[in-house]
Amino acid sequence: MSSVYVALYKKWSLIMLFVGITGSEGKIETANIISSIVNPSGKKVCINDSLCINNLDSAKLKSYIDKLAKDGVDIFLLKLSSTDFEWALSNKICFDIIIFTGKFEKRSLEAKGYYPSIGVIQQLLDSKGIAIVNVDDSELLSFLQGIKKCILTYGFNSKASVTTSSIGDSLLKDGVI
């Protein structure tokens, strides 16, 4: 990554959180849930689909993100398909968090001629980045085995880092639910 992009990313990351949402299904729902949880706190969320911005050249993408920062956006949610990973890398996008939704299907990705490597995921995540995955998706967990980032798991399985019951209990205790 060039030093210019590193400096820009650091500037932007001080202002807003970059979250990538990827997977075979559930990207829209996940983005909307995050937005509905965060908006009451006064945080500004921008939800975008890579299809809307992946035709921008690097200069226009930089201008777009600069505008978001100037407009006070706190969280930039970008919905990505796995085929957008290379585009994100080529534009030096680095995420604080990547959320994997739906089911990771290695055979389906290989059949389409695209299968991301652990190296690609490592490069897309900030050095202190977090990958959030469904604990019940054993194929994805196996794929992420070599990742040297923090992995947070969710789901109904009691082995998950965060379970639906633990979220409900803490929210209820805090008087939110």
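Summary of the structure given here. As the structure is a prediction and not an experimental result, all values here were calculated from the model.

Moving on: the packing of aromatic side chains. Taken as a whole and judged by the stated rule, the model has two aromatic pairs. An angle of 75° between the planes, with centres 5.7 Å apart, marks the rings of phenylalanine 18 and phenylalanine 76 as edge-to-face. With phenylalanine 18 in strand β1 (residues 17-23) and phenylalanine 76 in strand β3 (residues 75-80), this pair connects stretches of sequence that are 58 residues apart. Assigned by exposure class, phenylalanine 18 and phenylalanine 76 land together as buried. For the ring pair tyrosine 64 and phenylalanine 76, a centre distance of 6.5 Å and an interplane angle of 65° mean the geometry is edge-to-face.

Attention shifts here to the pairing of strand β5 (residues 125-134). For strand β4 (residues 95-101) and β5, the ladder comprises four bridges, and the chain directions are parallel. From the neighbouring strand, isoleucine 98 faces β5, where its bridge partner is alanine 131.

The next point concerns the environment of threonine 30. Its location among the elements puts threonine 30 in helix α2 (residues 27-38). On the basis of relative accessibility, which here comes to 18%, the residue threonine 30 falls in the buried class. In this structure the C-alpha to C-alpha distance between threonine 30 and threonine 101, which are 71 residues apart in sequence, comes to 7.9 Å. Only 2.7 Å separates the side chain of threonine 30 from the backbone oxygen of glycine 26, close enough to count as a polar contact.

Here α2 contains twelve residues, and its C-alpha end-to-end distance of 17 Å stays within 8% of the 16 Å for a straight helix at 1.5 Å per residue. Residues Lys27, Thr30, Ala31, Ile34, Ser35 and Val38 constitute the buried set of α2. Axial view of α2: buried residues confined to an arc of 130°, hence all on one face. Exposed side of α2, more than 90 degrees from the buried face: Ile28 and Ile37 are the residues found there.

Next up on the list: the pairing of β1. Counting buried residues along β1, five of its seven residues qualify, which places the element largely inside the surrounding structure. Relative to β3, β1 is paired through six bridges, and the arrangement is parallel. Paired with threonine 22 across the two strands is leucine 80, which belongs to β3. Inspection of the sheet shows β1 paired to β4 by five bridges, in the parallel sense. From the neighbouring strand, glycine 20 faces β4, where its bridge partner is isoleucine 98.

About the thresholds
Here the residue numbering is sequential within each chain, running from 1 through the sequence in written order. Owing to the predicted nature of the model, reporting of local features is limited to residues with pLDDT of at least 70; listing and counting of side-chain atom pairs is limited to 80 or more, with chain, interface and lining totals taken over all residues. Heavy atoms throughout the structure, all of them, feed into the side-chain values; hydrogens and water do not. Each Phe, Tyr or Trp ring, with Trp reduced to its six-membered ring, pairs with another whose centre is within 6.5 Å; inter-plane angles below 30 degrees give stacked pairs, above 60 give edge-to-face pairs, and intermediate values give tilted ones. Helix and strand assignments follow DSSP, with helices taken as H or I runs no shorter than four residues and strands as E runs no shorter than two, numbered in order from the N terminus. Classification of residues uses two cut-offs on accessible area relative to the type maximum, computed with a 1.4 Å probe and protein chains only: under 20% is buried, over 50% is exposed, and between them is partly exposed. Here, any two strands with at least 2 DSSP bridges between them count as paired. As used in this structure description, the phrase polar contact means that two N or O atoms lie within 3.5 Å; if the pair is within protein, one of them must be able to donate a hydrogen and the other to accept it, and residues adjacent in sequence are counted only when both atoms belong to side chains. Multiplying 1.5 Å by the helix residue count minus one yields the expected span of that helix. This arc corresponds to the set of directions leading from the helix axis out to the C-beta atoms.

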